[in-house]
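# Secondary and tertiary structure notes
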Amino acid sequence: MPCRVCRGTGIQTHIRQLDIGFVQQIQSTCSACRGEKEIIDPKDCCKKCEGRKVVRETKVIEVPIDKGMSDGQTIRFSGEGDREPGLEPGDLIVSLDEQQHSRFIRRRTDLIYTLVLSLSEALCGFQRVIHTLDDRTLVIHSRPGKCLLLLRIILVGEVFTNKDYRAIESEGMPRYKNPFEKGRLIVKFDIAFPKNDFLPKAQLETLRKLLPAPASIEDIPEDAEAVDLHAFDPEHDQNQYDRRAEAYEDDDGAESGNPRVQCASS
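These lines cover the structure that appears in this document, whether it is placed above or below. Quantities reported herein were computed from a predicted structural model and do not represent experimental measurements. (Residues numbered from 1 in each chain as written. Predicted model: local features only at pLDDT ≥ 70, side-chain atom pairs only at ≥ 80, totals over all residues. Heavy atoms only, no water.)

### Regarding the packing of aromatic side chains
The criterion, for reference: For Phe, Tyr and Trp, where Trp contributes only its six-membered ring, two rings pair if their centres lie within 6.5 Å, and the inter-plane angle classes them as stacked under 30 degrees, edge-to-face over 60, or tilted in between. When accessible area is computed with a 1.4 Å probe and restricted to protein chains, residues below 20% of their type maximum are described as buried, those above 50% as exposed, and intermediate ones as partly exposed.
Within the structure shown, the criterion is met by two aromatic pairs. When the centroid spacing of 5.4 Å and the interplanar angle of 40 degrees are considered together, the rings of F104 and Y113 count as tilted. The buried category is assigned to Y113, whose relative accessible area is 12%.

Next up, the structure:
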């Protein structure tokens, strides 16, 4: 039946006096029928929805994740959104949030795996295993470095350097909608160098003879100055530089346009 409060309009009109001769008219949705222009007799009211015509319920929806889908990709379920009387139901949109893996970093269809080698492994060869995401085991190895000393030219078999990379084809992520084609597994090598004073001086001299000869240096003049090398972190140094630059900019701004407040003196 029509709402008696709004007389079937769904809108309530309120008049408020602001001053003598001035009034303000405000319209709002009817609080009795909630803008639906009619109300249900309490005798006929549904006990489950209490006359609201909608109920809240929980529905389990299975979300299919195809191989190769990436972070931020969306899956749409038509007609599974909230429903209102007289309106078409909306869509439910699921956005994928890809979590970081403990061993692999994803870059599009490539996977990056960091392998830490000892210095002896990097120079003399190694054999390691990599456990893939699909529970397979890959064996990787390098040839021991074969050095030939000839006229002070060193010919090396395969020596890995720090931050070196190697790629294994078709061992990365499957491509979306083409899962039989896969990206690469990129192996990043980090060399773990020995700590300070790891060998006595006598053994260091033996090691020096086994390694390639150092580069020759020019004659050192008598007035040359000996200096010390200190630990240096480029990232930390850049942060320090940025903070100093901001402080200088603040000082320049205060001197040019916004002078600082000076204390009064008597």
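There's plenty left to go through after this.
### Remarks on the pattern of salt bridges
Any two side chains of opposite charge can pair, on the condition that their charged atoms come close. What counts here: Salt bridges are counted wherever a side-chain nitrogen of Lys or Arg sits within 4 Å of a carboxyl oxygen of Asp or Glu. Runs of E in the DSSP output that reach at least two residues are strands. Runs of H or I that reach at least four are helices, and both are numbered from the N terminus.
Going through the model one piece at a time under the given rule, you end up with nine salt bridges. For the salt bridge of D91 with R76, the shortest nitrogen-to-oxygen distance reads 3.1 Å. Taken as a pair, D91 in the loop between β3 (74-77) and β4 (92-95) and R76 in strand β3 lie far apart in primary sequence, 15 residues in all. Within this structure, R107, D110 and R184 form a network of salt bridges that share partners.

### A few points about the environment of D97
Defined as follows: In the analysis that follows, any N or O atom pair within 3.5 Å is treated as a polar contact, provided that within protein one partner can donate a hydrogen and the other can accept it, and provided that, for residues neighboring in sequence, both atoms belong to side chains.
Structurally, D97 can be placed in the loop between β4 and β5 (104-107). For the pair D97 and D71, spaced 26 residues apart in sequence, the C-alpha separation works out to 5.3 Å. Within the local environment of D97, its side chain forms a polar contact with the side chain of Q99, the two groups lying 3.3 Å apart.

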